[in-house]
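Inside the fold
What follows is the residue order along each chain.
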Amino acid sequence: MFSTEQSCWFVRKVICWRAAASIAWAVLLLPPVTAVFVILSRLSLLHPIQTISECLSLLTSASAAFSLILLCGVILVVGFLNLEYYTVIPTIACSKIALLGQLLHPRQLLNSLVHSIMGMIVAWCCAITIGGRYETLGYPCPQSDGSDGSPQMCLNEYHLTLLLAGAFVGFSHSLLGVIHNMNYVSFHTVQQYKYLRFKGSLPLVVRCSATQALYSIRNYILVYFFLGYIPKAWICKTLTLYLNSAVHPLDSIAGLLDLTLLYHMWISASFLLFTWHITLLLFRIFVTEFLALQDLALLSQHSPSRRGEVFSLSQPGGHPHNWNAISKECLSLLTDLTQRLVIYHDTVATNGRAKSLSTGSERKTSSETSVTSGTDDLMSPRPTLLLKTPASVFTRSIVGTPKSPLTAPFTPDLDSPFASPALRRLTAPVEQCSPWFGTVQSPHVMRRGPKLWSTSTDSQVNGSPQSSPASVPSPKQEASKPSLLAQFLQNRKEQLPEASSQALFADSQAHIWALEGLSYLVQASFCEDQFGVVQTTLPSILSSMLVLQEAVDRHFKLPHASSKPVRSSGSMGDSTHKTLRFALRATLKTAIYRITTTFGDHLKAIQMSAEHRKRLQQFLEYKE
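Here's what I pulled together on the structure shown here.

Scoring rules and cut-offs
- Residues numbered from 1 in each chain as written.
- Predicted model: local features only at pLDDT ≥ 70, side-chain atom pairs only at ≥ 80, totals over all residues.
- Heavy atoms only, no water.
- Salt bridge = Lys/Arg side-chain N within 4 Å of Asp/Glu carboxyl O.
- Helix = DSSP H or I, 4+ residues; strand = E, 2+ residues; numbered from the N terminus.
- Expected span 1.5 Å × (residues − 1).
- Buried < 20%, exposed > 50% of the residue type's maximum accessible area, 1.4 Å probe, protein only.
- Polar contact = N/O pair within 3.5 Å; in protein donor to acceptor, adjacent residues only side chain to side chain.
- Contact = heavy atoms within 4.5 Å.
- Core = buried A, V, L, I, M, F, W, Y, C linked by side-chain atoms within 4.5 Å.

1. Brief notes about the pattern of salt bridges
Summed over the entire model, instances satisfying the criterion amount to 12 salt bridges. Two residues, lysine 604 and aspartate 601, come together in a salt bridge whose shortest N-O distance is 3.7 Å. When salt bridges with common partners are traced through the structure, they connect Glu157, Lys232 and Asp251 into a single cluster.

Below is the structure:
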């Protein structure tokens, strides 16, 4: 939607200041949150007055002030990472191997390392706050002196366990952020004040923090039980510390069944996650306020004065520049989505193979015609699209003469995750040694190409020879069975149909706002457009919406496209992107109905194709 220069300006002048405001509020909320943690960590129901006095003395001590400074630094780093990694278009892994690739990406590994370090810092602050047996890493060994008469220092495994728990929770939080798309920022349908939204989300933050901390500590206990001796041995060797044989080691069943230790680890992990989740929540609240398309959807519905500016003419000249700019951007978004849906449906419907054209399929359909004829006059010039499909995908020519042989109109994106090996073989250039080199081939022969000239999967497994023309004998292929590793990777590379559908509509929030803004403006123009600026582009708007609805309806007829995912309420990850395709379909149908109910039979005077007129009549009769 924005150019590179506009995007940089928006980030520098708007997003950065909003992120700074969210970080400032998170830092201001840190002292009361820390006070609550101090009370919970030192809580004693039998001695409440003593607990209160100890908490007050601790909160006013120098160690508490130093810990608070460290926690503020952690909040600043977390806020910076939120700003660096946030996105309004979620990254959806369409296969398990793609998800593994995201987790092992160098940028993500660096993010996980930073979160582990920050988790260890927060855990150290918690250990200082709790005090007692968690306060220091080493202590004098009982009844043991060194060779120089100084007491030997023993490892305080309680302190080490708490530090490692913080690092493990931070690392787990980073991985869950990738799996649940916690860096995804969604936009709420109902606008609320910041305070009311924060107040309504606070119970969810508390519940998610406590639940995630519980599962993280459970996993950490299992890891420490089997691998806890490794960090202990390394710390002892590095810092010249000794193990006290009189104390039960914590990497044993007896050591890990200490309920007080488990409670302190859980409350520390909950405090860590709560401060990070609060920072994330405030960031989401501040950066989702009044953006361009969101503002368009709101003003078109609630602001008559600003709608009047949209319908106004420029002086001098009398040109509707405001309306042309708005409608062109919105229709560009709708046309781009329509093209993506057409390409996706053709790819899935042909199972990755280019379709052969017959005489009966060469006729130009009305929907394909309207994509170009209904919007080209308005959409020129258009934003540059990173698509490898030429314009012929929407304007198929009639059956060619012998001088103009038929070619498949679909130019597939071979880098797409939906491109199959058969499609790559089909689009590969013909070798000069082939008898078909330099000849005009029928589209039907082209379709049979992989079966005639390439090695199919079935023949490789069964060891049967390939069928080939008599003039080009083919040697018998040896039977080859894929290895277990190859089978494992192939299973992980298989596409997840629902995930691919979610990825296709990942950026549909902008299209939803564009549909709402356009439809509300067209509806208001019936009474407020004094110069008739909207009426000149109304055929293009209706054609774009009807073509998009046809493409959306075709998509929902595919398997797994109409299955609604179950929303998870136990995570801070936003799962609204999983249902964006349903929201887009409902918004699109509502937008068309909004126009048809306002204009009624006046729409019959608009020039459009017969198929679109028939489909529009269904809306006028409320049969869609």
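Still to come is the rest of the account.
2. Regarding helix 23 (residues 538-556)
Residues three or four positions apart in an α-helix share a direction because the helix packs 3.6 residues into each turn. In a regular helix each residue adds 1.5 Å, so 19 residues correspond to 27 Å; helix 23 covers 27 Å between its end C-alpha atoms and thus fits that length. Taken across its 19 residues, helix 23 has 16 buried, putting it largely inside the fold.

3. Structural notes on the side chain of threonine 598
Considering the arrangement of structural elements, one finds threonine 598 in helix 24 (residues 580-599). With relative accessibility at 19%, the residue threonine 598 sits in the buried group. Reaching out from threonine 598, the side chain makes a polar contact with the backbone oxygen of arginine 594 at a distance of 2.8 Å. Not counting residues up to four positions away in its chain, the partners in contact with threonine 598 are Gln523 and Phe526.

4. Considering the nonpolar core
Formed by 55 residues in total, the largest nonpolar core has its most connected members in Trp323 and Met545. Contributing elements (two or more residues each) for this core: helix 11 (292-302), helix 13 (321-349), helix 22 (508-528), helix 23, helix 24 and helix 25 (610-620). Residues contacting methionine 545, with those up to four places away along its chain left out, are Leu334, Leu515, Leu518, Ser519, Leu588, Ala591, Ile592 and Ile595. Grouped together as the second largest cluster of nonpolar side chains are 48 residues, Ile75, Cys125, Ile130 and Phe198 included.

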